[in-house]
Amino acid sequence: MWPSALAADPAGPLTARRSTRDWVVDALCFVLGLGCTVLITVELLDPASATAQAWGQTPHWLIVTDAVGSTVAAVALWWRRRFLAVLALYLLLMATFSMASGVTLLIVVFTVAVHRRFTVLAGYVLVVIAANAVFPAARPEPGMGYWEAFGWGAALTIIAALWGMLVRGRRQLIVTWRDRAERAESEQRLRIAQARVLERTRIAREMHDVLAHRISLLSLHAGALEFRPGAPPEEIAGAAAVVRSSAHQALQDLRAVIGVLRTGQPEDEQTPERPQPTLSALPALADESRSAGVKVRLEIGPEPETVPAATGRAAYRIIQEGLTNARKHAPGAAVRVTVGGAAGDGLSIDVRNPMPVSVPATPIPGTGMGLIGLAERALLAGGHLEHGRTGDDFVVTAWLPWPA
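Since the model is a prediction, treat every value here as computed from it, not as a measurement.

S.K.: So what exactly am I meant to see when it comes to a nonpolar patch on the surface here?
M.R.: Together, Val75, Trp79, Phe83 and Val86 make up a nonpolar patch on the protein surface, roughly 390 Å² of accessible area in all. Tracing the backbone through its elements, the reader meets Trp79 in the loop between α3 (60-76) and α4 (84-94). Judged by relative accessible area, which is 42%, Trp79 ranks as partly exposed.

S.K.: Mind showing me how you'd approach the pairing of strand β1 (residues 295-300) here?
M.R.: Side-chain positions along a regular strand alternate between the two faces of the sheet. Alignment of β1 against strand β2 (residues 334-342), held across six bridges, turns out to be parallel. In the strand pairing of β2, Leu298 is matched with Val337. For the handedness criterion, the β-α-β arrangement of β1, helix α10 (residues 309-329) and β2 is classed as left-handed.

S.K.: Mind showing me how you'd approach the nonpolar core here?
M.R.: Nonpolar side chains in soluble globular proteins tend to end up buried together. By size, the foremost hydrophobic cluster in this structure holds 28 residues, and its most contacted members are Ile318, Ile319, Val337, Leu347, Ile349 and Leu400. Elements with a minimum of two residues in this core: α9 (282-291), α10, β2, β3 (346-354), α11 (370-380) and β5 (393-400). For this core, the leading source of residues is α10, giving seven residues. Among residues more than four places away in sequence, those in contact with Ile318 are Ile349, Leu374, Leu385, Val396, Ala398 and Leu400. Grouped together as the second largest cluster of nonpolar side chains are 25 residues, Leu77, Ala95, Val128 and Ile129 included.

S.K.: Honestly, the side chain of Arg168 in this entry has me stumped. Any pointers?
M.R.: As for its position among the elements, Arg168 is in helix α7 (residues 146-227). Judged by relative accessible area, Arg168 falls into the buried class, the value being 11%. In this structure the side chain of Arg168 is engaged in a polar contact, spanning 3.2 Å, whose partner is the backbone oxygen of Val114.

The rules we used
Residues numbered from 1 in each chain as written. Predicted model: local features only at pLDDT ≥ 70, side-chain atom pairs only at ≥ 80, totals over all residues. Heavy atoms only, no water. Patch = residues over 30% accessible without salt bridge, like charges linked within 9 Å, V, L, I, M, F, W, Y side chains within 5 Å. Areas by Shrake-Rupley, 256 points an atom, 1.4 Å probe, with all protein chains shown as cover. Salt bridge = Lys/Arg side-chain N within 4 Å of Asp/Glu carboxyl O. Helix = DSSP H or I, 4+ residues; strand = E, 2+ residues; numbered from the N terminus. Buried < 20%, exposed > 50% of the residue type's maximum accessible area, 1.4 Å probe, protein only. Pairing = 2+ DSSP bridges. Right-handed = clockwise from strand over helix to strand, strands pointing away. Core = buried A, V, L, I, M, F, W, Y, C linked by side-chain atoms within 4.5 Å. Contact = heavy atoms within 4.5 Å. Polar contact = N/O pair within 3.5 Å; in protein donor to acceptor, adjacent residues only side chain to side chain.

So, in structure tokens, the structure goes:
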């Protein structure tokens, strides 16, 4: 039900395809213009009608000329948007003597106000008012003075122009709002994409030390097998087991970073980072949050040493972000952290805290991308993460793979 003009700039070219609203409006304008033309013409041709008696004896040729010209103008209303300039000039000539085209002229003035800039509208309205000044002199109405007839014509013209300006301003406002909304959505998508790239880059940096450690073990034990071919079978079997285990873990770590793109770093930042914490560091993380005033209840089901390092790192980061969000958005609320699962079933994480009753007086600023980065981390690890309100609590739940 929107006009087709909203699909483009209201001051620019219009689309040729009419919308449903355009069909309804065009049909209404056509009926009004042609109906008033027929009605006024019939009244003037009937000597017994009140209109013919009020206007006195009007030459028959003038009535017929007015009727034919006004009918052409009324029919042309159907294409008034495409041929607006031609129709406006045609009705300007008709306005000097025509009675039957009065409603059609007002519709065209309204259309000019909607689809043309203010300078064009102002010039056209002034010329129409000048033509209205000629009409009372050419066809004076009995019982009404010249200035009274001129004033009514000028007032109706100005009202139609103001109404069209109001419609044009509303359309331009809607176009502006739509552009702002599209720009905001585009910027949000860009921010999300940047957050994903940054999170993937950070994950790749974290994996650097782990992969280097695994590969160094492989090189060490493979070198021992190469330089000691006559070692006891027990030592050879033990070294082969370490090589197999290290290769398996390295492949799992590599799988987590396949497809991750790393951006260039300055030369002073190319040193590898320290190994990242895993589940065994959760008690220290909880104590750190408690020292900051957060009531943390930590429940860890599996033994931290049995959880794979990559899974433990991802779980640690998820819990860390959950505690950070609780401190930001629900200060003073009790946070419950539950870690469960087993080998073969996966590792489940649940971080929940009551929804805040009021907004903090001095909220901690943030980027709003923490949960997006966690979801990307969980996805790259082969799991998934969900967050949102559940009842009276805000809950962050995640599942990470834990191979048997």
